[in-house]
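Read off the chains here:
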Amino acid sequence: MPEQKTGHVHSVESFGTVDGPGTRMVIFLQGCPMRCQYCHNPDTWKTVGGTPMTVEQLLAQYERNEPFYKNGGITVSGGEPLLQIDFVTTLFTEAKKRGIHTCVDTSGITFRADSAAVREQFDKLCAVTDLVMLDIKHAEREAHKKLTGQDNCNILDFARYLAEKKVPMWVRHVVVPGITDSEKEWQELGTLLAQFSNLCALDVLPYHTMGVSKYAALGIPYPLEGVPALNASVAKQARNAILKARKAALAQK
């Protein structure tokens, strides 16, 4: 298969500080199969559109700002970046040749454990990926489906795959009032995370309403209309509870 050198890019952030270690160039790709109720980038959902950009264009943009990325690198996000997995793999392959740290921020929804062809694609990606930031929206299958439109089976299979491959994994979880803000949910998530020996960091983020205006502009009803933004202190409390549950689960092994 020839290398995919052109991708459909939604936008590029030159100096990202929350999408992996250090200061990073963050490339947001177009397209996403999930419909998270709190998504703040509904303009990335459509798989058509975006700006066609080549690997060479993106790396040239990176190199113009390279002095600022001393402790960082490139993160590819979305949308769901692994809808364009061949492009991400080509980009990361070229980045690694230049000594650039590579990170993909994904939901893992496109992984298929029972497909040899899909596993081969992911094997190639992992060979040139330094870090995976994995979004785990909810620990429970049906609740995850209600929240995102998809269950979490492929996502958890992907997390297990990363553990098998020993690819460092950084988990992100959003605490949403009335949905993922219970002690029960935090306990379940912490217990779940205990099975992943490759977990290197956990971000627990408070739900915010900054994307509401985008829904209005696109003429799309906002699913969580009226749900207030979460106080950051609750997200901190949740993180502590999740880590405590993970530690307890590890102690029982």
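Structural data are supplied above this passage.
Note that this is a predicted model, so its numbers are computed, not measured.

S.K.: Would you explain the overall build of the chain in this entry?
M.R.: Regarding its fold elements, the chain presents 8 helices and 8 strands. With 253 residues in all, the chain has 50% of them scored as buried. Intrachain contacts of the chain at a sequence separation of at least 6 include 77% that bridge at least 24 residues. Put simply, the chain has 28 plus and 27 minus side-chain charges, and the middle of one group is 3 Å from the middle of the other.

S.K.: Explain the nonpolar core to me, please; I cannot follow it from the model alone.
M.R.: Core analysis: the biggest nonpolar cluster contains 69 residues, and Ile-27, Ile-74, Phe-92 and Leu-193 have the highest contact counts within it. Ranked by residue count, the leading element in this core is helix α5 (residues 153-165), at 7 residues. When residues no more than four places from it in sequence are discounted, the contact partners of Phe-92 are Ile-74, Val-76, Thr-102, Cys-103, Val-104, Leu-125, Val-128 and Thr-129.

S.K.: Please clarify how the side chain of Gln-84 should be interpreted in this entry.
M.R.: For Gln-84, the position within the fold is in the loop between β4 (73-77) and α2 (85-97). Look at Gln-84 and you get buried, because its relative accessible area is 9%. Setting aside chain neighbours within four positions, we find Gln-84 in contact with Gln-4, Gly-7, His-8, Leu-29 and Gln-30.

S.K.: What am I meant to see in the sheet that holds strand β6 (residues 131-135) here?
M.R.: Strand order in the open sheet formed by 8 strands is β3-β1-β2-β4-β5-β6-β7-β8, and the pairing between neighbours is mixed. Both outer strands of the open sheet, β3 (51-54) and β8 (199-206), are each paired with one neighbouring strand and no more. Between one strand and the next, the sheet's axes are offset by a mean angle of 30°, whatever the strand orientation. Contacting β1 (6-16), β2 (24-29), β3, β4 and β5 (101-106), α2 crosses the sheet at an angle of about 160° to β5. Lying over the sheet, helix α8 (residues 232-251) contacts β7 (169-175) and β8, oriented at roughly 150° with respect to β8.

S.K.: What should I look at first to understand helix α1 (residues 55-64) in this one?
M.R.: Residues separated by three or four positions in an α-helix point in the same direction, a consequence of the helix having 3.6 residues per turn. Buried within α1 are the following residues: Val-55, Leu-58, Leu-59, Gln-61 and Tyr-62. The arc enclosing the buried residues of α1, seen along the axis, measures out at 155°, which places them on a common side. Buried residues along α1 sit in contact with β1, β2, β3, β4 and α2.

S.K.: Could you clarify how one ought to interpret α5 in this entry?
M.R.: Helix length check: α5, at 13 residues, gives a terminal C-alpha distance of 18 Å against a target of 18 Å (1.5 Å per residue), a fit within 8%. The set of residues buried in α5 consists of Asn-154, Ile-155, Leu-156, Phe-158, Ala-159, Tyr-161, Leu-162 and Ala-163. Where α5 is buried, its residues touch β5, α3 (116-126), β6, α4 (141-148), β7 and α6 (183-193). Lys-166 lies just past α5 and shows a positive phi near 60°.

About the cut-offs
- Each chain carries its own residue numbering, running from 1 in the written order of its sequence.
- Confidence filtering applies because this is a predicted model: local features only for residues at pLDDT of at least 70, side-chain atom pairs given and counted only at 80 or more, and all residues used for totals across whole chains, interfaces and linings.
- To get the side-chain values, take all heavy atoms of the structure and skip hydrogens and water.
- Counting from the N terminus, the helices are DSSP H or I runs at least four residues long and the strands are E runs at least two residues long.
- Burial classification: accessible surface area is computed with a 1.4 Å probe over protein chains only, and a residue below 20% of its type maximum counts as buried, one above 50% as exposed, and the rest as partly exposed.
- Here, two residues are considered to be in contact whenever any of their heavy atoms come within 4.5 Å of each other.
- Think of it this way: Lys and Arg go in the positive column, Asp and Glu in the negative one, and His and the chain ends go nowhere.
- By convention, the point assigned to a charge is CZ for Arg, NZ for Lys, CD for Glu and CG for Asp.
- By convention a nonpolar core is built from buried Ala, Val, Leu, Ile, Met, Phe, Trp, Tyr and Cys residues, the set being connected through side-chain atoms within 4.5 Å.
- The pairing criterion for strands is at least two bridges between them, as found by DSSP.
- Here, axes are lines fitted to C-alpha atoms. For helices the fit covers the stretch in contact, and angles between N-to-C directions go from 0 to 180 degrees.
- To be clear, the arc concerns the directions from the helix axis to the C-beta atoms.
- For a helix, the expected span equals 1.5 Å multiplied by the residue count minus one.

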